[in-house]
Amino acid sequence: ESTIAGLEMIVKEFEKMLAEEGVIEIDTGVPFDPHVHEAIETVANEGEPDGKILSVLQKGYLLNDMLIRPARVKIVKNEHKQQTANSKQQTANSK
(Lines give C-alpha, C1' and ligand atoms only; values in the text may rest on other atoms or scores of the structure.)
Protein backbone atom coordinates (compact mmCIF):
# COMPACT_ATOMS: atom_id res chain seq x y z
CA GLU A 1 0.00 0.00 0.00
CA SER A 2 2.79 2.44 0.79
CA THR A 3 4.41 1.67 -2.58
CA ILE A 4 1.14 2.45 -4.38
CA ALA A 5 0.73 5.69 -2.41
CA GLY A 6 4.32 6.66 -3.29
CA LEU A 7 3.77 6.00 -6.99
CA GLU A 8 0.54 8.01 -6.95
CA MET A 9 2.40 10.95 -5.38
CA ILE A 10 5.08 10.75 -8.09
CA VAL A 11 2.42 10.75 -10.85
CA LYS A 12 0.68 13.77 -9.28
CA GLU A 13 3.97 15.69 -9.06
CA PHE A 14 4.80 14.82 -12.67
CA GLU A 15 1.34 15.99 -13.85
CA LYS A 16 1.78 19.21 -11.84
CA MET A 17 5.19 19.82 -13.46
CA LEU A 18 3.72 19.26 -16.95
CA ALA A 19 0.84 21.65 -16.21
CA GLU A 20 3.32 24.32 -15.11
CA GLU A 21 5.07 23.95 -18.46
CA GLY A 22 1.77 24.38 -20.36
CA VAL A 23 0.84 20.76 -21.05
CA ILE A 24 -2.87 20.06 -20.53
CA GLU A 25 -5.06 17.05 -21.17
CA ILE A 26 -7.61 17.38 -23.98
CA ASP A 27 -11.20 17.59 -22.72
CA THR A 28 -13.24 14.57 -23.78
CA GLY A 29 -16.44 15.63 -22.01
CA VAL A 30 -17.43 17.65 -25.08
CA PRO A 31 -18.76 16.54 -28.49
CA PHE A 32 -16.26 15.11 -30.99
CA ASP A 33 -13.93 17.73 -32.49
CA PRO A 34 -11.73 16.42 -35.33
CA HIS A 35 -9.13 19.09 -34.55
CA VAL A 36 -8.26 17.49 -31.19
CA HIS A 37 -9.94 14.06 -31.21
CA GLU A 38 -9.23 11.03 -33.37
CA ALA A 39 -12.18 8.64 -33.83
CA ILE A 40 -10.80 5.12 -33.53
CA GLU A 41 -14.18 3.42 -33.37
CA THR A 42 -17.77 4.40 -34.15
CA VAL A 43 -20.83 2.83 -32.54
CA ALA A 44 -24.50 3.17 -33.48
CA ASN A 45 -26.57 4.21 -30.46
CA GLU A 46 -30.01 5.67 -31.21
CA GLY A 47 -30.32 7.03 -27.66
CA GLU A 48 -27.26 9.27 -28.03
CA PRO A 49 -26.50 12.16 -30.42
CA ASP A 50 -23.96 11.77 -33.22
CA GLY A 51 -20.49 12.85 -32.16
CA LYS A 52 -20.88 12.03 -28.48
CA ILE A 53 -17.68 10.58 -27.05
CA LEU A 54 -18.45 7.24 -25.40
CA SER A 55 -14.98 6.36 -24.16
CA VAL A 56 -11.38 7.50 -24.30
CA LEU A 57 -8.96 4.91 -25.64
CA GLN A 58 -5.86 7.11 -25.27
CA LYS A 59 -5.58 10.53 -23.68
CA GLY A 60 -4.52 13.48 -25.80
CA TYR A 61 -2.51 16.55 -24.85
CA LEU A 62 -2.00 20.19 -25.80
CA LEU A 63 1.16 22.23 -25.19
CA ASN A 64 0.36 25.93 -25.00
CA ASP A 65 -2.74 25.35 -27.20
CA MET A 66 -0.75 23.36 -29.79
CA LEU A 67 -1.70 19.75 -30.35
CA ILE A 68 0.89 17.24 -29.14
CA ARG A 69 -1.26 14.13 -29.51
CA PRO A 70 -4.98 13.86 -30.30
CA ALA A 71 -7.26 12.05 -27.87
CA ARG A 72 -8.21 8.69 -29.39
CA VAL A 73 -11.89 8.08 -28.73
CA LYS A 74 -14.92 5.92 -29.44
CA ILE A 75 -17.87 7.99 -30.69
CA VAL A 76 -21.54 7.63 -31.60
CA LYS A 77 -22.39 7.66 -35.31
CA ASN A 78 -25.95 6.64 -36.13
CA GLU A 79 -26.49 5.14 -39.58
CA HIS A 80 -30.16 6.06 -40.04
CA LYS A 81 -29.48 9.71 -40.82
CA GLN A 82 -27.04 8.80 -43.59
CA GLN A 83 -29.40 6.19 -45.04
CA THR A 84 -32.31 8.66 -45.04
CA ALA A 85 -30.22 11.27 -46.86
CA ASN A 86 -29.08 8.69 -49.43
CA SER A 87 -32.62 7.46 -50.08
CA LYS A 88 -33.89 11.04 -50.58
CA GLN A 89 -31.07 11.72 -53.04
CA GLN A 90 -31.78 8.50 -54.96
CA THR A 91 -35.49 9.39 -55.14
CA ALA A 92 -34.67 12.87 -56.46
CA ASN A 93 -32.27 11.46 -59.05
CA SER A 94 -34.80 8.96 -60.35
CA LYS A 95 -37.41 11.65 -61.14
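Everything that follows concerns the structure shown earlier in this document.
So, here's what we can say about the structure. (Residues numbered from 1 in each chain as written. Predicted model: local features only at pLDDT ≥ 70, side-chain atom pairs only at ≥ 80, totals over all residues. Heavy atoms only, no water.)

1. Structural notes on helix α1 (residues 2–20)
Logical step 1: With 19 residues, α1 extends 27 Å from end C-alpha to end C-alpha; this agrees with the ideal 27 Å at 1.5 Å per step.
Logical step 2: The positive-phi residue at the C-terminal boundary of α1 is G22, with phi of around 100°. (Helix = DSSP H or I, 4+ residues; strand = E, 2+ residues; numbered from the N terminus. Expected span 1.5 Å × (residues − 1).)

2. What to know about the sheet that holds strand β1 (residues 23–25)
Logical step 1: Pairing is antiparallel in the open sheet, where three strands are placed in the order β1-β4-β5. Only two strands of the sheet have a single partner each, and these edge strands are β1 and β5 (66–69). The mean inter-strand angle of the sheet, taken between neighbouring strand axes irrespective of direction, is 35°.
Logical step 2: Direction of pairing for strand β4 (residues 61–63) relative to β5: antiparallel, over a ladder of three bridges. (Pairing = 2+ DSSP bridges. Axes fitted to C-alpha atoms, helices over the stretch in contact; angles between N-to-C directions.)

3. Some points on the pattern of salt bridges
Logical step 1: Following the criterion strictly, the structure yields three salt bridges and no others.
Logical step 2: Between K59 and E25 there is a salt bridge, with its nearest N and O atoms 3.7 Å apart. A residue pair is termed long-range when its members are at least 10 positions apart, and K59 in the loop between β3 (53–58) and β4 and E25 in strand β1 qualify at 34 residues.
Logical step 3: Assessed through its relative accessible area of 44%, E25 is described here as partly exposed.
Logical step 4: Two residues, R72 and E38, come together in a salt bridge whose shortest N-O distance is 2.9 Å. On the criterion of sequence distance, the pair formed by R72 in strand β6 (residues 71–76) and E38 in strand β2 (residues 37–43) is long-range, its members being 34 residues apart.
Logical step 5: Its relative accessible area of 29% is what places R72 among the partly exposed residues. (Salt bridge = Lys/Arg side-chain N within 4 Å of Asp/Glu carboxyl O. Buried < 20%, exposed > 50% of the residue type's maximum accessible area, 1.4 Å probe, protein only.)

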